[in-house]
Every structure is written in C-alpha cells, then in structure tokens.
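# A look at the structure
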Amino acid sequence: MKKSYCVLSVLLFSLVLAVAFFLNIVPVVKQVVAGTPSEGIRVQIESYLAENIYGKKAFTEVYGMTHQLLALDVLGPFEYVRDDAGIMQYIEPAFDPAPFLDSMKELKCVLNQKGIPLLFVELPDRGKYFDFRGVLHYSGEPLPEATEALESSGIGILKIADQIELDSPGTYREYFFPTDSHLTTKADYCNAKLITDHLSKVYSVPFPMSDVVYNPANWEWNQQEWLGGFGRLGGRSFSGADIFTTFLPNFETQMQLTVPETGIVKMGDFYEVMTDGYEALGSQDAYWVTNYGQWPQPVYTYQNLFLEEGPRLLVICDSFALRTNTFLAMNASVLTVLDPRYFNGKDYLAEYLSMDFYDAVIVLGGGSGFYKCHFVSDFGLDKLKAKGGQAEGYSGMNINFCNNVWLHDQGVIPSILIEGSNELSLSGWAADFSAEKPLSALYVKAGGMILKCDYGAPRGDIVSYFNNQDFLNTGFSVKIPKEFLLTQNVAEIQFIEISADGTYRFEPVSYTIQS
C-alpha cells in the first residue's frame, strides 16, 4: 500500500509538471518563434519565461518548501546557502581587488594636492555565522589585505563593525537582510550617522543638520513585507519574508536631483526627488532597495536647496549606499554620487573632481563588482609622450561655434560671447593628421581643471573639405562652467589632442579669452 502511494505521488507530481510545461511552452513558441530570428530564439524564450511563466511564484514556493522539509540550506548548485543566523549567503569565486586598490592610491594623491579628505567605509562581515567562512568566498566577505593596504597608503578608514554591536544572530538580521544582499534601512541610517560623526570629528567637516537628521523622531518610518533577490529564488517557505522600512522626513525639505546621462532634473520635496515613487505602485513585488537613488546611473547629484551652508560631498559607491546617500544628502548642500560599475570607460571621477570642490570624498561598496573596478582618478596626460603641433587647421583643430555663435578667428574667444550664459559651450572638429584618422581623445584645460570633450560626432563637411572619409567622426563639443572661469580668473584655455593610437599628445592648442 505504501509503495502504491509513493508511485501515485510521483505520477501526480509528474502530471503537474507536464501541465505546467504545456501551459508555459505553448504561448512561448507561438509568441517568440513567430517574429524572432533563429539566433535570438533562446534569449527571447528565457526573457519571456522570466516574465510570463504560469504559477512561477507557486512553483518557487514548492521548491523552497521541499528544501525546508528536507532540512536543506542550499539552493541551486551550491550558489546560495542559508547560514546559522538565517541569512542567505551568495557564493562567488575569489577575485583580485588590485584595480580598486590602485584607484584608491591614485585618488589619494589627487585629493592630497587639493586638500580634500578621503574616507573608505568598511562594512561588517556578512558571513559571521556562515559555517563555510574561510573556505568559500561569498558576497559581503571582508577584504582584510585590501584594508591593510589602504591603511598603509594613509587612507582614512571607518570600520563600521568597530562602532556597533553585532553580537547575536538577531542583531545581524537587523543589519543585513536575510533575503537580499543589501543592508537594512536601519543599517543605512546608522552608517550615515557614523560617517557624519567621523567626518566631523576627524576632519572638522561641519554638518549643521545633524541634530535634526539623526533624531529618529523626525522621520516617518513605514514597514513593508518584502522578499529580497536571494529570497525570491526559494520563496517565503524557505527564507521567510523580510521587512523593508521606508522613510519620509517630518521636517520641511526642498531638493534638486540632476542626472546628466538621462537629462533628468527634478525639484521638490523629499518624496518627489529622493524616492522613485514605489509606494504608489502598491506592489509587494517591488524591489524596494532601488526606490532610493538612481540605479544604475554612473553619476547623479543631489542639491539641498534649504542648506546652502552645508558641506559638499562626493560619494563613490555601489547600490549598498543608495539609502545611506539619501540620509547624507539631508545634511549636505551638495552630494554627488558616482558608481564606477557603470563608467564604461568614461572618466567621470576626474571630470567631477575638476568641476567642483568637495569637503570630503567617501568610498563605500558592498559587492564584488565594485571592488573589481578601476575608476580613473586622473587622465594620465602627463604620462604620454609629447609631440609638436599640427600644421593643418589651427594646429589640427578648429572651434566652429562658441555659445552658438560662429567663431571667425581661431585662437581668440571674445568674452562678450560668454556674457548672459552660465557656461562656455564650444563645438568644432579635431583630427590626427599624421595618421589621417580621428584622435583617440580630446581634452580641454581651463586653469586647474581638465575636462574630457565629447568627441566623435560625424562631420561630413570635414570629410569633403579634406577629401578623407576617415575624418567623418571628428566632431567635438564641451561645456565649461562660467562660474569656474570667473572665480579662477581663467584667461586662456588649452585643448590637448591625443594621437589616434593613444601613445602621445600633440602640443596644446591655446585659445585666449579676450575682453
């Protein structure tokens, strides 16, 4: 009888799987194959199933429930492991943090010259209660050798674990989401306060709103039942549900958000500017972590319009600092966020360090992807071999328009063209005539600031003029803040042309700003 019951159970379960397969694969085949080239079918099927699979949540719960009944703590081929504190650990291969360390050392040298303090924030070890700690590598694992290397380079370090009590599984679950890689809101609020206190005490950075921002009574805290990224693999039956705490200030705010890559500019109160409005969605499936910040943007800036006298902060981080940045922005006049994982070869850090002055630079990351990044702290122009100027054009280039006005005389920019504008906007063309190809890069130096030009725009007129099709993508544009030109008394700008092969730079091309 028992044997028959087991056979019947297996047959029933197989029938359920067969029905589920039929319900899912038929619409996939109909929708995907109808209009998809053969090489794209697999990708399209995976994408369609991820979004449209029938009973996906139910099957995930059955999967997690099975593991729970069998007392298994592992999901997948040993990818996700539940530790003794009930926290999911993501197993990943070891990696070399050398690119990150090199970047930090370069950054330290640059900031020393500018007199700006650099603070690295070390997060606690996520795997304190993980049995395979020291044997397997996991997301959120500490990097003691890297920390030691930073300390030996004279970089300031704030070790969060030394400032808080994480002495039990319960306190660990208050700091780390059991079902997600990120930190809880309580942890982010705590981190922001510790960073503020450290910068104030060690570097005398003034924070005029600390008493308001770091009084929990001045915030409205609301809790949402939530399942993080790890938990969604095994469902609530396996990992349980987390509580995500949303927050809104009870004090008056007026903020502005600028996202250069998308052109987004938002102005309003905290809710309108600092959140992405997930509350209005009314969905328990919302990934609440990204309700704050502008993931996955490489750069964005918060301006606190009610706190002009506050500090100016630059934060280099990954998504582990999204809510931390939100709290910090309430106590700063300007907070610029850079995520090097999305730089894609562009020198955002050098650009923003040259455009603005900051009272402190903060580095905070929690994922391995962050520590694999090399974020360039300078353009390395002084390391390139120098070569003489070019004969064609105005030493290999021409400015065509200055603030939308045609520039007749090369070498001179009439200051009258800058009046009535908040910037010096330039556009033109430049090429490597020795190689008869476009430059590999073009920079402009104004005083102590170096900006990378937006280079490579199509210029059919240059192709026709020089009768060279290879000169098509030689157009450039660049904008220099007028405020910088005035405050630094800049009387001349110089363009730095980098050869087509990137191995040398031509003699700088100078333009005088003439009154």
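For the structure itself, look to the data block above.
Procedures and definitions
Residues numbered from 1 in each chain as written. Predicted model: local features only at pLDDT ≥ 70, side-chain atom pairs only at ≥ 80, totals over all residues. Heavy atoms only, no water. Helix = DSSP H or I, 4+ residues; strand = E, 2+ residues; numbered from the N terminus. Buried < 20%, exposed > 50% of the residue type's maximum accessible area, 1.4 Å probe, protein only. Contact = heavy atoms within 4.5 Å. Areas by Shrake-Rupley, 256 points an atom, 1.4 Å probe, with all protein chains shown as cover. Pairing = 2+ DSSP bridges. Axes fitted to C-alpha atoms, helices over the stretch in contact; angles between N-to-C directions. Expected span 1.5 Å × (residues − 1). Core = buried A, V, L, I, M, F, W, Y, C linked by side-chain atoms within 4.5 Å. Salt bridge = Lys/Arg side-chain N within 4 Å of Asp/Glu carboxyl O.

So, about the overall build of the chain. When helices and strands are tallied, the chain shows 15 helices and 26 strands. A burial count over the chain gives 47% of its 515 residues as buried. Across the chain, contacts joining residues at least 24 apart in sequence account for 69% of those joining residues at least 6 apart. Approximately 25000 Å² of the chain is accessible, and the part contributed by carbon and sulfur atoms is 54%.

Let's shift gears to the environment of Thr245. One can find Thr245 in strand S7 (residues 242-249). We classify Thr245 as buried; its relative accessible area is 16%. C-alpha separation for the pair Thr245 and Thr184, spaced 61 residues apart in sequence, amounts to 7.7 Å. Contacts of Thr245, omitting those with residues within four sequence positions, involve Thr185, Trp221, Asn222 and Gln223.

Put simply, Trp295 and Pro296 share a cis peptide bond, and its omega is 0 degrees. Note on placement: Pro296 falls in the loop between helix H10 (270-274) and strand S10 (299-304). Positive phi values are uncommon outside glycine, yet Ser395 reaches one of about 55 degrees. Position of Ser395 among the secondary structure elements: in the loop between strand S14 (385-386) and strand S15 (397-402). Positive phi is not limited to glycine here, since Asn403 has a value of about 50 degrees. Examined against the element boundaries, Asn403 turns out to sit in the loop between S15 and strand S16 (405-406). A relative accessible area of 14% places Asn403 in the buried class.

Pairing in this open sheet of 8 strands is mixed, and the strands run S5-S4-S13-S11-S12-S10-S8-S9 from one edge to the other. For this open sheet the edge positions go to strand S5 (156-159) and strand S9 (264-268), each flanked by a neighbour on one side alone. Strand-to-strand twist in this sheet, taken as the mean axis angle between neighbours without regard to direction, amounts to 20 degrees. Across 4 bridges, the pairing between strand S4 (residues 118-122) and S5 is parallel. Among the inter-strand pairings, Leu119 is bridged to a residue of S5, identified as Gly156. With respect to the sheet, helix H11 (residues 322-329) is in contact with strand S8 (255-259), S10, strand S11 (312-317), strand S12 (334-338) and strand S13 (360-364), its orientation differing from that of S12 by roughly 165 degrees.

The end-to-end C-alpha distance of helix H7 (residues 185-203), which contains 19 residues, comes to 26 Å, matching closely the 27 Å that a straight helix rising 1.5 Å per residue would cover. For H7, the set of buried residues is Thr185, Ala187, Asp188, Tyr189, Asn191, Ala192, Leu194, Ile195, Thr196, His198 and Leu199. After H7 finishes, the residue Ser204 shows a positive phi value of roughly 60 degrees.

Moving on: the nonpolar core. Among the nonpolar cores identified, the biggest contains 59 residues, and Tyr175, Ile195, Leu199 and Trp219 are the most heavily contacted of them. With 6 residues, the top contributor of residues to this core is H7. Leave out the neighbours within four places in its chain, and Tyr175 touches Leu123, Pro124, Ile160, Ile164, Leu166, Leu183, Thr184, Ala187 and Asn191. Residues Leu451, Leu485, Phe495 and Ile513 belong to the second largest nonpolar core, which totals 30 residues.

Applying the stated criterion across every chain, the model contains 8 salt bridges. When the shortest N-O distance is used, the salt bridge between Glu151 and Lys159 registers 3.6 Å. For Glu151, a relative accessible area of 42% corresponds to the partly exposed category. On the accessibility criterion, Lys159 (27% relative accessible area) is partly exposed. Put simply, Asp197 and Lys193 hold a salt bridge, and the shortest N to O gap is 2.8 Å. One end of the pair is Asp197 and the other is Lys193, both in helix H7 and 4 residues apart, which spans about a single turn. Its relative accessible area of 36% is what places Lys193 among the partly exposed residues.

On to the environment of Thr290, then. Mapped onto the elements of the fold, Thr290 is located in the loop between H10 and S10. Once the C-alpha coordinates of Thr290 and Thr275 are considered, the two residues, 15 residues apart in sequence, prove to be 8.6 Å apart. Every residue in contact with Thr290, bar those within four places of it in the chain, is listed here: Asp276, Tyr278, Trp295 and Leu322.

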